[in-house]
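Residues per chain, in single letters:
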Amino acid sequence: MAVKIHPQAIVESSAQLGEDVEIGPFCYIGGRAVLGDNTRVLHHATVEGRVTLGSNNTIFPYALIGGLTHDLKYEGGEPGLQIGDNNVFREYVTAHVATQSEDLTCIGSNNVFLAYSHVAHDCQIGDHLVMSSHSALGGHVEVENHVNIGWGAGVHQFCRLGRHCMVSACSKL
């Protein structure tokens with residue numbers, strides 16, 4: 001199967017698309033993006049900045065993957081976002097690039113980010129995270145493997161969530 005790009009999507013010519021990638025209508029894929037095999041970007045979603053996605057990722061409508069850091073220390077350059085395989089980014093999810101040039105925000109594999117969740121700059125996320133709707137990770141948060149974050153939880157910058165932990169709904173860390 002070949003790459004499928006809807007005629008109403010915008011895909012910059014320098015973007016790199018793997019085999020069997022699907023880009024829906026009204027999507028924007030920036031020129032520094034690398035999308036792995038079998039990745040699906042559904043209508044109205046955006047992948048911009050220096051972003052590398054592994055294979056079998058799904059990005060739902062209105063998600064912003066690779067948005068510029070919110071960190072006030074940002075001084076320019078090309079920070080990035082690296083994402084593994086088999087991740088799901090539901091509606092309105094945001095995941096931002098790092099702050100310093102050449103640094104990376106990293107998201108592992110087999111993670112699920114539910115609607116309106118937010119991954120800030122310089123986060124380091126392992127595998128098998130389930131992040132419920134309306135939850136947020138501040139900058140520089142470390143999340144180990146098999147973590148569950150409940151609805152509406154806020155994790156302050158520079159915190160660390162150990163493996164197999166569960167953050168209760170509406171918690172503030």
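As a reminder, the structure under discussion sits directly above these lines.
The structure reproduced in this document is the subject of the present report. (Residues numbered from 1 in each chain as written. Predicted model: local features only at pLDDT ≥ 70, side-chain atom pairs only at ≥ 80, totals over all residues. Heavy atoms only, no water.)

In spatial order, the strands read β2-β5-β8-β11-β14-β17-β20-β23; together these eight strands make up an open sheet with parallel pairing. For this open sheet the edge positions go to β2 (10-11) and β23 (154-155), each flanked by a neighbour on one side alone. Pairing of strand β8 (residues 46-47) with strand β11 (residues 64-67) involves two bridges; the strand directions are parallel. Opposite V47, over in β11, you have I65 as the bridge partner. (Pairing = 2+ DSSP bridges. Helix = DSSP H or I, 4+ residues; strand = E, 2+ residues; numbered from the N terminus.)

The parallel open sheet is built from eight strands, whose spatial order is β3-β6-β9-β12-β15-β18-β21-β24. Every other strand in the sheet has two partners, leaving β3 (16-17) and β24 (160-161) as the edge strands with one partner each. Both strand β18 (residues 124-125) and strand β21 (residues 142-143) contribute to a ladder of two bridges, which runs parallel. When the bridges of β21 are listed, I125 appears paired with V143.

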